[in-house]
Amino acid sequence: ILGSLISAHILLTDPKHPFGEVGFKDYDNELLHLAHDLAVRLLPAFENTSTGIPYPRVNLKTGVPQDSVNETCTAGAGSLLVEFGILSRLIGDSTFEWVARRAVRALWNLRSNETGLLGNVINIQTGQWVGKQSGLGAGMDSFYEYLLKSYILFGENEDYRMFKAAYESIQNHLRRGRESCNEGEGDPPLYVNVNMFSGEIMNTWIDSLQAFFPGLQVLDGDIDDAICLHAFYYAIWKRFGALPERYNWQLKAPDVLFYPLRPELVESTYLLYQATKNPFYLHVGMDILQSLEKNAKVRCGYATLHHVVEKSKEDRMESFFLSETCKYLYLLFDENNPLHQSDNKYIFTTEGHVVPIDKRFREKQWNDLSPCEEGVLAEPEPDNQLPPSNISNVRLSSSLSTTHSYNHCSCN
């Protein structure tokens, strides 16, 4: 919601009007005021935590509930920096970016010294990892996403250093299969779930949320690996006409059979098409669209598939289906969309909200309020470590939705 208010405000006040005359004559920053008000109501989640990692729940009227749990997932606590950072830079108040950045640093400093990996669930008071599984899906996904997108938006070298270190750890410990995507012996590459401390495989399933990762690889310029990983998820889609929530790569069968109309595969398809202009990805998009029309369409919308084999349905359509799945499909085919024609480049938040890559967001009206923790910023900066500030020429996107029980922290 915060992202939607900020995005709408920016689009309304853009003097270039890239999407046409969408502004209001008497608009007086009302949406920005609402965003500020909402962010203030979220701040109690960051108070009274020993680590600086926020509580997972906050009552917008009364603050953190007395019976609130002290456990949160890495994605939930570490995917706040884009929205909070933009708000801080729009209104000139460092508070929001600072609390979000403090949470990211706290999580980062608690990673394993052996593998460099993080777990998926943490106690915000003790800093102990409750969930020691490290993967690319539920509970972790958008943490990686926002490290890179924060760098793209704000140009803070700290964010890119963390992303590259995390990416290296992922490649070293999560990646299985042959070294090269398209040549050599062995199975094609796959990213598995491992113990964050030992790197040992914890289970033999992947979840559908992981299909966001090829899109993130596109944003980092790792196109070959993105193409390869995307092909893996598309092969699963071709088999079932949907992505099962969990797929057992050892048994080559679904472990959890429902599909709540998630956007991740479509999102990666869109980004790969923007990066390569290979018409193959238009065919992938058409295949996905036809599957949705055939298997999920109902009289008043589109329904969650309860069982991807039997194609039975649930009386439920998540909001991310409209805000992300449909949006990325539409943009995939709409070559002349203002988003693709504008002089400006855009990034999508993890909920699919459009934000311009704007020099305003690379300027801040304050000095850092606190020294960098654990030397995060103090690392030497090799000349070739950071990409140019215009990191990507594709329109940037994201992953995973946070709606009801189908959120970043849980996939069932």
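For the structure itself, consult the block above.
In this text the structure is predicted, and so the values were computed from the model without any measurement. (Residues numbered from 1 in each chain as written. Predicted model: local features only at pLDDT ≥ 70, side-chain atom pairs only at ≥ 80, totals over all residues. Heavy atoms only, no water.)

1. What to know about the side chain of Asp287
Applied cut-off: The way it works is that DSSP assigns letters per residue, a run of H or I at least four long becomes a helix, a run of E at least two long becomes a strand, and they are numbered from the N terminus. Note on classification: 1.4 Å probe, protein chains only; a residue is buried when its accessible area is under 20% of the maximum for its type, exposed when over 50%, partly exposed between these limits. Should any heavy atoms of two residues lie within 4.5 Å, those residues are considered in contact.
Checked against the element boundaries, Asp287 lands in helix H11 (residues 280-295). For Asp287, a relative accessible area of 17% corresponds to the buried category. The residues contacting Asp287, other than those within four sequence positions of it, are Tyr234, Trp237 and Lys238.

2. Here we look at the nonpolar core
Put simply, the test is: We call a set of buried Ala, Val, Leu, Ile, Met, Phe, Trp, Tyr and Cys residues a nonpolar core when their side-chain atoms join them within 4.5 Å.
Counting residues in hydrophobic clusters, the biggest one holds 100 residues, and the most contacted among them are Ile86, Phe213, Trp237, Tyr259 and Leu292. Top element by residues in this core is helix H6 (residues 141-154). It accounts for nine residues. Sequence-distant contacts of Trp237, that is, excluding residues within four places in its chain, are made with Ala242, Leu243, Tyr259, Leu265, Asp287, Ile288, Ser291 and Leu292.

3. Some words on the sheet that holds strand S3 (residues 129-131)
Convention followed: We call two strands paired when DSSP finds no fewer than two bridges between them. Axes here mean lines fitted to C-alpha atoms, for a helix over just the part in contact, with angles spanning 0 to 180 degrees between N-to-C directions.
One open sheet accounts for three strands, arranged S1-S2-S3; its pairing is antiparallel. Each edge of the open sheet is held by one strand with a lone partner, namely strand S1 (71-73) and S3. Mean inter-strand twist for the sheet, computed between neighbouring axes without regard to direction, equals 35°. Direction of pairing for S1 relative to strand S2 (residues 121-123): antiparallel, over a ladder of three bridges. From the neighbouring strand, Glu71 faces S2, where its bridge partner is Asn123.

4. Remarks on helix H1 (residues 2-13)
The condition that has to hold: Given a helix with a known number of residues, its expected span is that number minus one, times 1.5 Å.
Between its first and last C-alpha atoms H1 spans 17 Å; for 12 residues at 1.5 Å apiece the expected length is 16 Å, and the two agree. Where H1 is concerned, the buried positions are Leu2, Gly3, Leu5, Ile6, Ser7, His9, Ile10 and Leu12. Of the surrounding elements, those touching the buried residues of H1 are helix H2 (30-42), helix H4 (81-91) and strand S14 (354-356).

5. As for a nonpolar patch on the surface
Operational definition: Distance thresholds for patches are 9 Å for like charges and 5 Å for nonpolar side chains (Val, Leu, Ile, Met, Phe, Trp, Tyr), applied to residues having over 30% relative accessible area and no salt bridge. Residue burial considers only the protein chains on display, and all accessible areas are found by Shrake-Rupley using a 1.4 Å probe. Any Lys or Arg side-chain nitrogen found within 4 Å of a carboxyl oxygen on Asp or Glu counts as a salt bridge.
Side chains of Met286, Leu289 and Phe333 sit close together on the surface and give an oily, nonpolar patch of about 230 Å² of accessible area. Structurally, the position occupied by Phe333 is in helix H12 (residues 319-333). Residue classification places Phe333 among the partly exposed residues on the basis of a relative accessible area of 34%.

6. Remarks on the packing of H1 against H4
Defined as follows: By the definition adopted for this analysis, an angle is roughly parallel if under 35 degrees, roughly antiparallel if over 145, roughly perpendicular if from 65 to 115, and oblique otherwise. For any helix crossing, the convention is left-handed if the near helix is rotated counterclockwise from the far helix by under a right angle, and right-handed if that rotation is clockwise. The classification used treats Ala, Val, Leu, Ile, Met, Phe, Trp, Tyr, Cys and Pro as nonpolar, Asp, Glu, Lys and Arg as charged, and all other residues, Gly among them, as polar.
Two numbers describe how H1 lies on H4: the axes approach to 10 Å, and their chain directions differ by 45°. With respect to their mutual orientation, H1 and H4 come out oblique. Of the two elements, H1 crosses H4, and the hand of that crossing is left-handed. Along the contact surface, H1 presents Leu2, Gly3, Ile6, His9 and Ile10, while H4 presents Glu83, Phe84, Ile86, Leu87 and Leu90. Tallied by class, residues from the contact of H1 with H4 come to seven nonpolar, two polar and one charged.

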